[in-house]
Structures are given as C-alpha cells and as structure tokens.
Amino acid sequence: MRRNRWSMTFACAVLLAPAALLAQSESPVEVGGLLRTGFRIEPESSGEADGFDIFDARIKVSGKIGIVFDYFLQTDYDTRDNVFRILDAKATLPIFPELSVSFGQFRPPFALEAQTPKGQLTFLERAQSSTAIAPGRQVGISANGAALDGRLTYGAGLFNGNGRTLENDGNDFMFASRVQFNSIGTIAFYEDLVVQAGASILYSKDTSAPLGAGMVTGDPASVPELTSVFGGERFLWNADVVITFRGWSLTGEYLRGDYDIALPADVTPTPGVGDEADAYGGYVELGYRAWGAIELVTRYDGFSPAVGENRDFMVFGLNVYPGYYAKFGIQYAAPLSGSPNAPTLAENQFIFLAQVDF
C-alpha cells in the first residue's frame with residue numbers, strides 16, 4: 001500500500017505540474033485535437049450497428065516549462081460510456097541531444113503501428129496483431145534518443161504493466177525496448193528511396209493484467225486468463241520494415257507473444273488452455289499516393305490467436321487529403337477462406353471516415 005501511495009503521489013505530480021507551472025512558462029502552449037467520425041455498414045455477425053458514429057474525440061495540450069522539461073497531455077471522450085479519459089500524461093526531460101527521459105502515462109517503446117498516433121493510421125483501426133499483442137498505454141519511465149543525424153532511434157522503459165492505472169499487481173514490472181534505423185533520417189524528399197527497419201522486445205511478469213482485444217477468437221469472457229486477468233509471464237517481440245519510393249509505400253510488420261500462464265487464485269482454469277499459449281500475426285500493406293492528396297492502399301491482415309480459429313482479411317482503402325489537417329477515407333474488409341470476424345474487422349464491412357487532426 002505504501003508503494004501504491006507513493007506511485008499515486010508521483011503520478012498526480014506529473015499530471016498537475018504543467019498546469020501549476022504554466023503561468024511561469026514563457027513558451028507558448030500548443031493546443032490540438034483529433035476528431036474522427038463517419039458512417040459504417042456492418043454485418044449482423046459483427047455485433048456492431050449500422051449508422052453514423054464518432055470514432056474518436058480527443059484534445060491535446062503540449063508545451064515547455066522553461067528549459068526544464070516538455071509536457072504532453074491528451075484526453076479522450078468515450079462516447080459509449082460518456083466519460084473523459086486521460087490517454088497520455090507525459091513529462092520529458094531532455095538530458096542531451098542524444099538522450100531524453102520521459103515519465104508518466106504513455107505507450108511503451110514497442111512495435112511500429114502500435115506507436116503510430118490514431119490520426120496517422122492508414123485505416124480506421126490498427127492491425128489485429130498490433131491490437132492483440134502490443135501493450136496499451138502504461139504508467140512508467142522511458143529513456144529515448146537518436147543518433148547518426150536522426151537515422152538511428154532507440155528507447156527502453158520500465159512500466160507497471162497494468163495499463164492506464166496506478167496499480168502495480170504483485171509489485172512486478174514490464175520492460176520494453178525498441179531500436180529503429182531509417183536510411184534517410186528525419187527529412188525525406190519525394191524522390192528519395194527510403195528504407196526503414198525496426199525491432200522491439202518486451203517482457204512482463206503479471207499477477208492480474210489485461211491483454212489486448214482479439215487474443216481469443218469468439219467470446220473473450222470464455223478465456224479470462226488470456227483476456228482480462230492474465231497472470232504469469234509474457235515475452236513479446238516484433239520486427240518491421242517500411243520501404244517508400246516516390247508515391248509508393250510497402251510496409252510489413254510481424255508480432256509474436258509467448259505467454260506462460262499462472263492463474264490468479266480466484267480464477268478457474270479454462271478447459272483445454274493449459275499453462276502455455278502463443279499468439280502471432282502481422283500485416284503487409286501496399287499503398288500509392290498521387291499528387292500527395294489521393295491514396296490507394298490494400299492490406300493483408302492475418303492473425304493466429306492464442307485460442308480459436310485464425311483470422312485472415314484483405315482490407316482495401318481510399319484516402320483523400322484535401323488539406324494539411326483533414327482526411328476523408330473509405331475502407332472495405334473481406335475475409336479469406338471463410339475467416340471468422342475479428343474485433344475490428346468483419347465480412348463485407350464498409351466504413352466511411354471524416355477526420356480532422358491538428
């Protein structure tokens with residue numbers, strides 16, 4: 001309990017420090033937002049209703065407190081539960097150009113698409129493997145840096161491992177690290193051939209932690225030890241590559257998770273699951289953008305869950321960028337070989353998206 005009280009005090013300080021010091025800061029405060037809304041047509045088997053929807057409504061605030069640290073705060077309005085949630089609350093201390101330290105609540109340095117902001121995703125949602133295997137936002141500390149004129153980036157962090165909460169079950173931790181190399185660096189031009197490769201690893205020892213959506217094909221409540229109350233050890237790793245040339249882009253990412261299950265005392269074992277499980281999958285995406293404003297994209301999205309049938313989809317999309325902050329997109333999903341539905345993909349699913357991200 002004492003440890004949790006100290007953790008809560010520390011997290012509250014992270015949340016309140018930017019506001020408390022704002023009056024003393026001479027740096028401008030940047031306010032932004034993300035609104036993604038649209039229309040969906042869903043099959044009855046998906047469990048989603050046809051009609052208009054608000055997919056995301058977020059507000060972002062960032063700035064600097066003198067030369068001490070940078071801060072970033074992002075909140076989200078959950079339209080289904082009618083509540084505001086804190087997504088990111090991060091303070092970053094620049095130590096020298098090649099290294100900075102961040103603490104608070106944010107995504108661990110793991111995987112490529114899992115770290116891509118929602119407003120920059122090609123499709124409405126991330127791939128199945130990114131959603132199921134990669135961890136969500138965590139409370140912790142991370143060291144990040146860049147070298148070779150920005151071509152090499154790296155990061156490593158230590159987190160509670162329980163998601164967006166100050167709890168730390170069993171006083172165990174999550175360790176995550178990632179390294180990425182880009183052949184050009186931070187600035188690329190239209191005619192450049194750019195090759196980027198990255199890899200990540202993550203280890204976590206948990207007592208009762210939530211895992212990502214889609215770990216089980218079917219009803220997730222039927223296998224609670226692999227969804228809402230995972231206990232045991234998990235080792236995750238990922239590899240990804242991105243190749244761009246002129247208007248063409250080719251992206252591939254693979255993620256795998258190995259899980260040693262040690263059930264909490266109050267959870268009854270699910271018949272047939274056993275003490276070990278693994279899940280793996282990835283995607284390959286080919287896109288072409290004409291005149292910087294019209295993008296055609298197709299993606300193979302495959303996933304082998306820890307329990308249940310494999311899920312394989314082709315997703316087709318058209319994105320239009322009428323301005324720097326705006327985007328209109330349509331996407332269509334089709335299963336391969338009679339694949340069952342995924343949490344965010346379904347047979348003959350059609351989605352229209354209108355987005356403002358600033």
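One can find the structure itself at the top, above this paragraph.
## Regarding the overall build of the chain
Then, in step 1: In terms of regular secondary structure, the chain is built from 2 helices and 16 strands.
Then, in step 2: Since a compact globule built from 358 residues should have a radius of gyration of about 21 Å, the 21 Å found for the chain is in line with a globular shape.
Then, in step 3: With the C-alpha coordinates of the chain rotated into their principal frame, the extents come out at 60 × 60 × 40 Å.
Then, in step 4: Within the span of the chain, comprising 358 residues, buried residues form 45% of the whole.
Then, in step 5: A fraction of 58% describes how many contacts in the chain between residues 6 or more apart in sequence connect residues 24 or more apart.
Then, in step 6: Surface exposure of the chain reaches about 18,000 Å², of which carbon and sulfur atoms provide 62%.

## Considering the side chain of Ser 102
Then, in step 1: Note that Ser 102 resides in strand β5 (residues 99-106).
Then, in step 2: Given the relative accessible area of 4%, Ser 102 is considered buried.
Then, in step 3: Here the side chain of Ser 102 touches Thr 92 through a polar contact of 2.8 Å, side chain to side chain.
Then, in step 4: When residues no more than four places from it in sequence are discounted, the contact partners of Ser 102 are Lys 90, Ala 91, Thr 92, Gly 140, Ile 141, Ser 142 and Asn 144.

## Re the side chain of Arg 137
Then, in step 1: Summarising the element assignment, Arg 137 is placed in the loop between α2 (128-132) and β6 (138-147).
Then, in step 2: At 3.3 Å, the side chain of Arg 137 and the backbone oxygen of Leu 87 are in polar contact.
Then, in step 3: Of note is the side chain of Arg 137, whose polar atom sits 3.1 Å from the side chain of Asp 88.
Then, in step 4: The contacts of Arg 137, once residues within four sequence positions are left out, are Arg 58, Gln 74, Leu 87, Asp 88, Gln 105, Phe 106, Arg 107, Gly 163 and Arg 164.

## Considerations on the environment of Glu 48
Then, in step 1: Relative to the elements of secondary structure, Glu 48 occurs in the loop between β1 (30-41) and β2 (51-65).
Then, in step 2: Apart from residues no more than four positions distant in its own chain, Glu 48 is found in contact with Arg 40, Glu 42, Pro 43 and Arg 80.

## Let's talk about the pairing of β6
Then, in step 1: Where β5 and β6 come together, 7 bridges link them in antiparallel fashion. Bridged to Phe 103 within β6 is Ile 141.
Then, in step 2: By the bridge criterion, 8 bridges tie β6 to strand β7 (residues 152-159) in an arrangement that is antiparallel. Within β7, the residue paired with Ile 141 across the bridge is Leu 158.
Then, in step 3: In sequence, β6 turns back onto β7 through a hairpin of 4 residues, with Leu 148 there showing a positive phi of about 55 degrees.

## A look at the pairing of β1
Then, in step 1: Across 11 bridges, β1 lies against β2 in antiparallel orientation. Paired with Arg 36 across the strands is Asp 56, a residue of β2.
Then, in step 2: Relative to strand β16 (residues 349-357), β1 runs antiparallel, the two sharing 8 bridges. Note that in β16 the partner of Phe 39 across the bridge is Phe 352.

## As for the nonpolar core
Then, in step 1: If you look at the biggest cluster of nonpolar residues, it comprises 26 residues, and the most contacted ones within it are Phe 110, Ile 133, Met 215, Leu 226, Tyr 259 and Ala 279.
Then, in step 2: Broken down by element, this core gets its largest block of residues, 3 residues, from strand β11 (residues 248-261).
Then, in step 3: Val 297, Val 315, Ala 342 and Leu 345 belong to the second largest nonpolar core, which has 7 residues in total.

Reading the values: rules and limits
Residues numbered from 1 in each chain as written. Predicted model: local features only at pLDDT ≥ 70, side-chain atom pairs only at ≥ 80, totals over all residues. Heavy atoms only, no water. Helix = DSSP H or I, 4+ residues; strand = E, 2+ residues; numbered from the N terminus. Rg over C-alpha atoms; globule rule 2.2 N^0.38 Å. Buried < 20%, exposed > 50% of the residue type's maximum accessible area, 1.4 Å probe, protein only. Contact = heavy atoms within 4.5 Å. Areas by Shrake-Rupley, 256 points an atom, 1.4 Å probe, with all protein chains shown as cover. Polar contact = N/O pair within 3.5 Å; in protein donor to acceptor, adjacent residues only side chain to side chain. Pairing = 2+ DSSP bridges. Core = buried A, V, L, I, M, F, W, Y, C linked by side-chain atoms within 4.5 Å.

Nothing here speaks to function; it is geometry throughout.
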